Each structure stands twice: as C-alpha cells, then as structure tokens.
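For reference, the chains in residue letters:
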Amino acid sequence: MNIVYYTSGISGSGRVVRGISIGNALKRKKVECNYTILSSSAFAHLADILDISHLEIPPEDEDQLSPKNYRNSELFKTMTALAPDILLIDLLWFKLYYFVHELHCKKIFLCHQVFDRFFTIPLEGGAISIRPQDYDLLLAVEPFSCSIPMRQINPIILRNRDEILPREKALELLQLDGSKPVSLFAFNAHPGDFERYKKKYNYLEDADYQMIYTTNYKGGIFPIVDYFNASDLIVCGAGYNSFWEVIYLNKEAIFVPTRAIFESGERRIEECQEYSFNENGADQLVDIIMNL
C-alpha cells in the first residue's frame, strides 16, 4: 500500500512535522506500507531524523497548475508517479483542484482551524471553491467550526506520552543538572519570530530559569517534544504543533499568538486551552486509513 501525505510547508516546519507525526503513527501501529511526505518545504530534512521518506518539488503557481498546464507540472507528474492508494491532503485543496478527480485513490482532506475564506480562492480566471465531493473523507484535525462539514479527530501529535524522554534523561541530554527550574523556548513559525520573542521573554533568565533556546530555522533540537519532561515552563507560538503538544502532554506554557493568513492563534488559545484528549489523533487517523 502506498500512502502519500501532501502539503506545502513553504513557511515554517509545522506541516512537515504533521506528516512526520503520521509516519510515526504508521510505524507505531506496524502498518506495512510505503509512506512518503511530498512537499516544497525547506524543513523536509527533519523527516530524516525519524527515518520517514520524503520528496520535494518546487512550489508552483496558478498558471503552472491551471487546466491548460497542470499535466506538465511537477506536482501532477510526481503525484501520478507515486501512484498512491491513499492520499492525505494537508490543507492544499486548491493546488490539486483541476486534477484531483483524476487520481484514482482514496483521498482524505486534513484541515486544522482556518477561516471560512480559506475554502474559496480568488484567481485571475475566477474564484475556485473546495468541492467536498472530491474527497472520500474530510477531517478536522482539531476542534473548530467552519462552513464545510467535517469529521473531527483529535489533534495529531508527534509522540505519544510514553514515547518522550523521562525527566532525568532529558536533563542529562540537555546538559542541565535540574538545580533550577528549566524553561524551553521554541519558535518555528516564521523567519524572525525566534529573535523577536526571545528578546521579549529574556526576563525569564533574570527570574532564575535555566533557558533552552531552539528553533528549526537554525538547526535546533528536533523533536523538541522529546525533552518536554525536562521543562517547568514552555514558551512557544500558538501554532498547531506546539500548542497541541503542550496541551496533550499537560505542560505549563506561555502561548504567543503568531501571525498567519488563514488561521488564528488567538482563537486557538481562547477556544482550546482547556481542551483535553487522551488518544493521539495520528493513531486515530491510521485506524481510519486501515478501514477505508
């Protein structure tokens, strides 16, 4: 069975990490398959750390993916060459709009919290809107409401609770003795976020925290979630992965809303900070795939 996870990941590492999380769940559940992350991400190399297969293609614009040209696009040629039996489409419905019906496989659309305007894209030749009938299943991968009917699963997390390092081992690997409280400071959303918010929260050093600073933009610690048990306080953006890792692992945190076009960190904090769940959405997704 060939399973392909397709996303963009042009800014930030979050979407690729979601693909890695799914690959990790497939391994955890011992599913025999060929799993590939297909993206245009500069962070695709993170998949190598967990031994997840990945392919990169250049980002393509609306002209290259138009009805006239899509057959010559790298996306179409790569997708058809991969010949998936299961295609997981992370958010990017509009890139596949003109040929998704030609892909003879099961298609699952994965969507985190977005504004309704995300489901209609204005193009020079006229607006296009998502067609739910193009997919076998539409899944909301966190709790949110929108105009498109979707089945909700739990958030997709990179590690299950019993897979991250115990506190003593995490402290040892971070070269900390645990004599002072530890704060993990991690920002991966957009270029410049790390430097901007590091300056804003440097008061924590004066509050006697031992600080661990990391960002995937500068070859930081990955996966940082492995070290959460070492931390007494986590400072991170309110993007999907960071937020839900903290919630799932029940860690003390300061969430910082970061800018995004189609989603709201403020809304995620306001609506979901008290949300709790036990089963990793990645494991739920694998069960759904196996029963399609």
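Before reading further, recall that the structure is shown in the block above.
Residue positions are given per chain, counted from 1 along the sequence in the order it is written. The predicted nature of this model means local features are confined to residues of pLDDT at least 70 and side-chain atom pairs, given and counted, to a pLDDT of 80 or more, with totals for whole chains, interfaces and linings taken over all residues. Values shown for side chains rest on all heavy atoms present in the structure; no hydrogens or waters enter the calculation.

**Q** Got a minute to help me understand the overall build of the chain in this structure?
**A** The numbering of helices and of strands both runs from the N terminus, where a helix is a DSSP run of H or I of at least 4 residues and a strand a run of E of at least 2. The number of helices and strands found in the chain is nine helices and 13 strands. For a compact globule the rule gives 2.2 Å times the number of residues to the power 0.38, and the radius of gyration it is set against comes from C-alpha atoms. In terms of overall size, the chain behaves like a compact globule, its C-alpha atoms giving a radius of gyration of 19 Å where 292 residues would be expected to give roughly 19 Å. The C-alpha extent of the chain, read off along each of the three principal axes, is 65 × 40 × 30 Å. Three labels apply to residues, based on accessible area from a 1.4 Å probe with only protein chains included: buried if under 20% of the type maximum, exposed if over 50%, partly exposed otherwise in between. Looking at the chain residue by residue over its 292 residues, the buried ones come to 55%. Two residues form a contact once any of their heavy atoms are found within 4.5 Å. Within the chain, counting contacts between residues at least 6 apart in sequence, those at least 24 apart form 67% of the total.

**Q** I'm lost on helix α9 (residues 281-290) in this one. Help?
**A** Residues spaced three or four apart along an α-helix point in a common direction, a consequence of the helix completing one turn every 3.6 residues. Most of α9 sits out of view: eight of its ten residues are buried. Of all the residues in α9, the buried ones are G281, A282, D283, Q284, L285, V286, I288 and I289. Here the buried face of α9 lies against β1 (2-6), α1 (14-28), β4 (86-90), β5 (106-111), β8 (137-140) and β9 (151-152). Any N or O atom pair separated by 3.5 Å or less is treated as a polar contact, with the protein-specific requirement of one donor-capable and one acceptor-capable atom, and with residues adjacent in sequence counted only for side-chain atom pairs. Two or three places before A282, at the start of α9, stands the capping residue N280, its side-chain oxygen 2.9 Å from that residue's backbone nitrogen.

**Q** How should the sheet that holds strand β13 (residues 253-256) be read in this particular structure?
**A** The pairing of strands in a sheet comes from backbone hydrogen bonds and takes either a parallel or an antiparallel form. Any two strands with at least two DSSP bridges between them are considered paired. Strand order in this open sheet of four strands is β11-β10-β12-β13, and the pairing throughout is parallel. The open sheet is flanked by β11 (210-214) and β13, the only strands paired with a single partner. Recorded for the sheet is a direction-independent mean angle of 15° between the axes of neighbouring strands. Bridging between strand β10 (residues 182-186) and strand β12 (residues 233-237) involves four bridges; their strand directions are parallel. Its bridge partner being in β12, L184 is matched across the sheet by I234. Note on geometry: axes are C-alpha line fits, over the in-contact stretch for helices, and angles between N-to-C directions span 0 to 180 degrees.

**Q** I would appreciate a short explanation of the packing of aromatic side chains in the present structure.
**A** For any two aromatic rings, the description comes down to two numbers: the centre-to-centre distance and the angle of the planes. Side-chain rings of Phe, Tyr and Trp (the six-membered ring for Trp) are treated as a pair once their centres are within 6.5 Å; stacked means planes under 30 degrees apart, edge-to-face means over 60, and tilted covers the remaining angles. Summed over the entire model, instances satisfying the criterion amount to 23 aromatic pairs. The interplanar angle of 40° and the centroid separation of 6.1 Å between the aromatic rings of Y275 and F277 together place this pair among those described as tilted. Counting every residue linked through ring pairs, the aromatic cluster contains W93, F94, Y97, Y98, F118, F119 and F262. Geometrically, a charge over a ring is one whose NZ (Lys) or CZ (Arg) sits within 6 Å of the ring centre while staying within 35 degrees of the ring normal. The lysine or arginine in question, K198, covers the ring of Y213, its NZ or CZ lying 4.5 Å from the ring centre.

**Q** How should I be thinking about the sheet that holds β4 in this particular structure?
**A** Within the open sheet, the seven strands sit side by side as β3-β2-β1-β4-β5-β8-β9. Their pairing is parallel. With one partner strand each, in any of the chains shown, β3 (53-56) and β9 form the two edges of the open sheet. For β8 and β9, the ladder comprises two bridges, and the chain directions are parallel. Along β9, the bridge assignment pairs L139 with R151. Sheet strands in contact with α1 are β1, β2 (34-39), β4 and β5, and its direction is about 180° off that of β2.

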